Amino acid sequence: MVENRSNRIARRCVVSGRVQGVYYRASARERARSAQLTGHARNLPDGRVEVLACGDEAAVVRFIEWLWEGPAAAKVLDVSIETLELSAEEWPREFRTG
């Protein structure tokens, strides 16, 4: 069976606010994995969190909506979103934190 990749998208999101030290990356990883998304969540030196979300378009959209909420201790002020065009070789195989 051939996988339909026509509805797969990749989005790079940068989340600002109180998002470091509040379990944001780990919560994002749990949400992403349960939605069968791949990518990463990693702290940036300036206090923001970068999230790469790759997968089914509807699941990515729902995940980005969650990024605005985050875990209970987070206070999200902004989520900037960038569309990426990834080759098959660039497509991540799992969702990681780092």
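Scroll up for the structure.
Right, let's walk through the structure included here. (Residues numbered from 1 in each chain as written. Predicted model: local features only at pLDDT ≥ 70, side-chain atom pairs only at ≥ 80, totals over all residues. Heavy atoms only, no water.)

1. Some points on the pattern of salt bridges
According to the stated counting rule, one finds 5 salt bridges in the structure shown. Put simply, arginine 42 and glutamate 50 hold a salt bridge, and the shortest N to O gap is 2.6 Å. Judged by relative accessible area, which is 8%, glutamate 50 ranks as buried. The salt bridge involving glutamate 94 is made with arginine 96; its shortest N-O contact spans 2.7 Å. Note on arginine 96: relative accessible area 52%, which makes it exposed. (Salt bridge = Lys/Arg side-chain N within 4 Å of Asp/Glu carboxyl O. Buried < 20%, exposed > 50% of the residue type's maximum accessible area, 1.4 Å probe, protein only.)

2. What to know about the side chain of serine 16
With respect to the secondary-structure elements, serine 16 resides in strand S1 (residues 8-18). Take serine 16: its relative accessible area is 18%, and that puts it in the buried class. Excluding residues within four positions of it along the chain, serine 16 makes contact with Arg48, Lys75, Val76, Leu77 and Asp78. (Helix = DSSP H or I, 4+ residues; strand = E, 2+ residues; numbered from the N terminus. Contact = heavy atoms within 4.5 Å.)

3. Here we look at the sheet that holds strand S3 (residues 49-56)
As summarised here, the arrangement of the 5 strands in space is S4-S1-S3-S2-S5, forming an open sheet in which the pairing is mixed. Two strands close off the open sheet at either side, each with one partner strand: strand S4 (75-84) and strand S5 (95-97). On average, each strand axis in the sheet is tilted by 15 degrees relative to the strand beside it, whichever way the strands run. In this sheet, S3 lies alongside S1 in antiparallel orientation, the contact comprising 8 bridges. Across the sheet, residue arginine 12 finds its bridge partner in S3, namely leucine 52. In the packing of helix H1 (residues 24-34) onto the sheet, the strands contacted are S1, strand S2 (38-43), S3, S4 and S5, and the crossing angle to S5 comes to about 175 degrees. Lying over the sheet, helix H2 (residues 57-67) contacts S1, S3, S4 and S5, oriented at roughly 155 degrees with respect to S3. (Pairing = 2+ DSSP bridges. Axes fitted to C-alpha atoms, helices over the stretch in contact; angles between N-to-C directions.)

4. Quick look at the environment of arginine 8
Position of arginine 8 relative to the elements: it lies in strand S1. Between the alpha carbons of arginine 8 and glycine 70 there is a distance of 23 Å; along the sequence they are 62 residues apart.

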